[in-house]
Amino acid sequence: MSAMDRTHEDSLTERYRELSDDIAAAVAVVSAKRGNALHAITVDSFLDVSYDPPTMAVSVYGGSRMMETLEMSEHYAISLLNSSQRDISERLGASGQPLYGSLKGIDTFPAPHSGQPVLTDAIAWFELRTTQMLEVATHSLVVGEVVSMGAGAHSSKNKPLLRWRKAYGTMGPR
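Just so we're clear, the structure is a prediction, and the values are computed from it rather than from any experiment.

Peer 1: Got a minute to help me understand the nonpolar core in this structure?
Peer 2: Looking at soluble globular proteins, one finds that nonpolar side chains tend to be buried together. Judged by nonpolar contacts, the single largest core of 21 residues is most densely connected at Val-30, Val-58, Leu-70, Tyr-76 and Ile-78. Looking at this core, the elements that each hand over two or more residues are β2 (28–34), β3 (37–43), β5 (54–61), α2 (65–72), β6 (75–80), β9 (124–136) and β10 (139–151). Among residues more than four places away in sequence, those in contact with Val-58 are Val-30, Val-43, Ser-45, Phe-46, Tyr-76, Ile-78, Ser-140, Leu-141 and Val-142.

Peer 1: Is there a simple way to explain the confidence of the model for the protein in this structure?
Peer 2: Close inspection of predicted coordinates is inappropriate for parts of the model with low pLDDT. Averaged over all residues, the pLDDT of the protein equals 88, while 90% of them reach at least 70. When mean pLDDT is taken per element in the protein, β6 scores highest with 98 and strand β12 (residues 167–169) scores lowest with 69.

Peer 1: What should I look at first to understand the pattern of salt bridges in this one?
Peer 2: Two side chains bearing opposite charge may form a pair once their charged atoms approach each other closely. Within the structure shown, the criterion is met by four salt bridges. Across the pair Arg-34 and Glu-68 runs a salt bridge, and its minimum N-O distance is 3.0 Å. With Arg-34 in strand β2 and Glu-68 in helix α2, the pair connects residues that are 34 residues apart, well separated along the chain. Classification of Arg-34 as buried rests on a relative accessible area of 13%. Linking Asp-44 and Arg-163 is a salt bridge whose minimum nitrogen-to-oxygen distance equals 3.6 Å. Here Arg-163 lies in strand β11 (residues 162–164) and Asp-44 lies in the loop between β3 and β4 (46–51), a separation of 119 residues in the sequence.

Peer 1: Could you clarify how one ought to interpret helix α3 (residues 86–93) in this entry?
Peer 2: Since there are 3.6 residues in each turn of an α-helix, residues three or four apart along the chain are aligned in direction. All of the buried residues in α3 are Ile-88, Ser-89 and Leu-92. Taken down its axis, α3 places every buried residue within 100° of arc, on the same side.

Peer 1: Looking at this model, I keep getting lost on the sheet that holds β4. Mind explaining?
Peer 2: Backbone-to-backbone hydrogen bonds join strands into a sheet, with any given pair of strands oriented parallel or antiparallel. Ordered by their spatial adjacency, seven strands build an open sheet running β3-β2-β6-β9-β10-β5-β4, and the pairing between neighbours is antiparallel. Across the chains shown, the open sheet's two edge strands, defined by having one partner strand only, are β3 and β4. With strand direction ignored, the average angle separating the axes of adjacent strands in the sheet is 35°. Taken together, the four bridges between β2 and β6 define a ladder with antiparallel strand orientation. Bridged to Ser-31 within β6 is Ala-77. Contacts from α2 reach β2, β3, β5, β6, β9 and β10 within the one sheet, and its direction differs from that of β2 by about 60°. Along the sheet, α3 makes contact with β2 and β3, crossing β3 at roughly 105°.

Peer 1: Would you explain the environment of Leu-70 in this entry?
Peer 2: In this fold, Leu-70 is placed in helix α2. What makes Leu-70 buried here is its relative accessible area of 0%. Setting aside its immediate chain neighbours within four residues, Leu-70 contacts Val-30, Ala-32, Val-60, Tyr-76, Met-133 and Val-142.

Peer 1: How should α2 be read in this particular structure?
Peer 2: Residues Met-66, Met-67, Thr-69 and Leu-70 constitute the buried set of α2. An end-on view of α2 places all buried positions within 155° of arc, on one side of the element. In this structure, α2 carries Glu-71 and Met-72 as exposed residues pointing more than 90 degrees from its buried face. Elements in contact with the buried residues of α2: β2, β3, β5, β6, β9 and β10.

Rules of the game
- Residues numbered from 1 in each chain as written.
- Predicted model: local features only at pLDDT ≥ 70, side-chain atom pairs only at ≥ 80, totals over all residues.
- Heavy atoms only, no water.
- Core = buried A, V, L, I, M, F, W, Y, C linked by side-chain atoms within 4.5 Å.
- Buried < 20%, exposed > 50% of the residue type's maximum accessible area, 1.4 Å probe, protein only.
- Helix = DSSP H or I, 4+ residues; strand = E, 2+ residues; numbered from the N terminus.
- Contact = heavy atoms within 4.5 Å.
- pLDDT = per-residue confidence, 0-100.
- Salt bridge = Lys/Arg side-chain N within 4 Å of Asp/Glu carboxyl O.
- Arc of directions from axis to C-beta.
- Pairing = 2+ DSSP bridges.
- Axes fitted to C-alpha atoms, helices over the stretch in contact; angles between N-to-C directions.

Next comes the structure, spelled out in structure tokens:
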């Protein structure tokens, strides 16, 4: 690749990052057990894929320890954060977090089907059985069929935690 091509690619990447920051996104925690240890990361790249059967997908960096965990586990959970859980988002989104003990001090309960950790105060949560993993550029899309789901105890009173332009925010009540 020539220096000119590399410069063009770098500017394209920077422009993409700049414009993709304009996509407002809900913030969630993806969690799974690795052996007996609970592991979790913050994500804002996830979506519902289908209602029949209920299916979701999440994008996870391919070289991450979380991706290794997801490859070893048949199930995982997605917990949608409420606007008061910014500290959890920042903590679980920080690079270099320990593989074990990432959920220490965060209230969780085991999902009914597989026992995957779910955040107690999440607005909503989904327990998924992995059906596909697709490598796309530097990330993997982990697709899962929803096997159970629920709402947090105060979900009707809580507002969602959102990210937009590298900042946190929320929106009005339901």
